[in-house]
Amino acid sequence: MTESEGVGFHHVPVLLKEALEELRLFPGMRVLDCTLGGGGHSLALLERGARVTGLDVDEMALEAASARLGGFAGFRAFQVNFGEIAEGDWMERIGPQDGALMDLGVSSPQLDRGERGFSIRRDGPLDMRMDRRLDLSAADVVRDYSEADLRRIFFEYGEEKQAGKVARRLVQERTRRPVVTTGQLVEIGESVLGRPRPGKVHPATKIFQALRMEVNAELERLQSGLEAVFEILVPGGRLLVMSYHSLEDRCVKQFINERLGRCRCPRGTPICICGAKPLLRARGKAIQASPAEIEANPRARSVRLRVAQKL
Ligand SMILES: C[S@@+](CC[C@H](N)C(=O)[O-])C[C@H]1O[C@@H](n2cnc3c(N)ncnc32)[C@H](O)[C@@H]1O
């Protein structure tokens, strides 16, 4: 029995109805699911006659999704980072696509398994690698980064106001004993940011988020992934991106805005000389989850779905 079958891989797809509507499915439509996870979105797509190419960096997710979706003739999956598909022959292997979906971040099983090191609630090794083939783990960051670098990542990726204090405490702590578990990191976070309160987000959440983003180079991969995935889309193809925190959403919004073809001429220029051309059209506002979905699936609380269509 594999790990994924044994423990069960359960992830409830977020904004499923909205994503299906926004993709404007047609029979035989080629959809690139850049973040296959448990295959929840992909299953719904395949059931509606789409052909799905699924990508994920996590072999546990790929194994679980392949076991679930392998029976569909129109399904195939690859273990690759969507931020790296412009390299090698990935673009040819994947081929042109009519739609693409990115459902960013980690899946529920990644979060819930202590041994993956993402969880605040379950003690485990400080790992946090989505792709376990990578060398750098959160324990390496915590052990090797300077206080200034730790402060920078807590501040930039975690938007943690007390980044400096947490970095200082962490450096003090690691001189006394190696910091190698999520439980130790939670203790350090709580010693600066306070104890968790019922019904509130855990005070160390932003510290965990920042480390995860650093370990997986999430913002860099998102930027390169958006560019590559946009290129693989055929004209008229639709790009859907679901983000779960403001830094990701900002990156997606900026990617879209830069391609809307807005005139960049200096104010007062009598006729446009910048030659800006629209490369896409976009849905104005991000789609958020309904109160009913948030009630049923608290993960949907922070989601923002942005939609663009390549011209
Ligand atoms: C939120 S889950 C996706 C859940 C999926 N939509 C479902 O319905 O089951 C995100 C998945 O994307 C993967 N992932 C995150 N960043 C990635 C990247 N840059 N390249 C490939 N996979 C990535 C994670 O390993 C995780 O399995």
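Please refer to the structure placed before this passage.
Model, not experiment: these values are computed from the prediction.

Quick look at the pairing of strand 3 (residues 75-79) now. Here strand 2 (residues 51-56) pairs with strand 3 via five bridges, running parallel. Of the residues in strand 3, the one forming a bridge with Asp-56 is Gln-79. Taken together, strand 2, helix 4 (residues 59-69) and strand 3 constitute a β-α-β crossover, and its handedness is right-handed.

Moving on, we get to the sheet that holds strand 2. Spatially, the seven strands line up as an open sheet ordered 3-2-1-4-5-7-6, and their pairing is mixed. A single partner strand is all that each edge strand has here, and the edge strands are strand 3 and strand 6 (280-282). With strand direction ignored, the average angle separating the axes of adjacent strands in the sheet is 20 degrees. Inspection of the sheet shows strand 5 (residues 233-243) paired to strand 7 (residues 304-310) by six bridges, in the antiparallel sense. Along strand 7, the bridge assignment pairs Met-242 with Leu-305. Contacts from helix 4 reach strand 2 and strand 3 within the one sheet, and its direction differs from that of strand 3 by about 170 degrees. Against the sheet, helix 12 (residues 218-232) touches strand 1 (30-33), strand 4 (97-103), strand 5, strand 6 and strand 7, its axis set at about 150 degrees to strand 5.

This next bit is on unusual backbone geometry. Even without being a glycine, Met-128 presents a positive backbone phi close to 70 degrees. Inspection of the secondary structure puts Met-128 in the loop between helix 6 (108-112) and helix 7 (138-144). For Glu-159, which is not a glycine, the phi torsion comes out positive at approximately 50 degrees. Within the fold, Glu-159 resides in the loop between helix 8 (147-156) and helix 9 (163-176).

Right, let's get into helix 3 (residues 40-47). In terms of residue burial, helix 3 counts as a mostly covered element, since seven of its eight residues are buried. Three or more residues of helix 3 are buried, namely Gly-40, His-41, Ser-42, Leu-43, Ala-44, Leu-45 and Leu-46. One or two steps after helix 3, the chain reaches Gly-49, where phi turns positive at roughly 90 degrees.

This brings us to the site of the ligand. Taken together, 25 residues lie around the ligand, and His-41, Asp-56, Asn-81, Asp-103 and Gln-110 are the ones closest in. With respect to the ligand, the side chain of Gln-110 contributes an N or O atom lying 2.9 Å from an oxygen atom. With the chains in place, 97% of the 610 Å² that the ligand exposes on its own is no longer accessible. When the residues that make up the shell around the ligand are grouped by side-chain class, the tally is ten nonpolar, eleven polar and four charged.

About the cut-offs
- Residues numbered from 1 in each chain as written.
- Predicted model: local features only at pLDDT ≥ 70, side-chain atom pairs only at ≥ 80, totals over all residues.
- Heavy atoms only, no water.
- Pairing = 2+ DSSP bridges.
- Helix = DSSP H or I, 4+ residues; strand = E, 2+ residues; numbered from the N terminus.
- Right-handed = clockwise from strand over helix to strand, strands pointing away.
- Axes fitted to C-alpha atoms, helices over the stretch in contact; angles between N-to-C directions.
- Contact = heavy atoms within 4.5 Å.
- Buried < 20%, exposed > 50% of the residue type's maximum accessible area, 1.4 Å probe, protein only.
- Near = heavy atom within 4 Å.
- Polar contact = N/O pair within 3.5 Å; in protein donor to acceptor, adjacent residues only side chain to side chain.
- Areas by Shrake-Rupley, 256 points an atom, 1.4 Å probe, with all protein chains shown as cover.
- Nonpolar A, V, L, I, M, F, W, Y, C, P; charged D, E, K, R; others polar.

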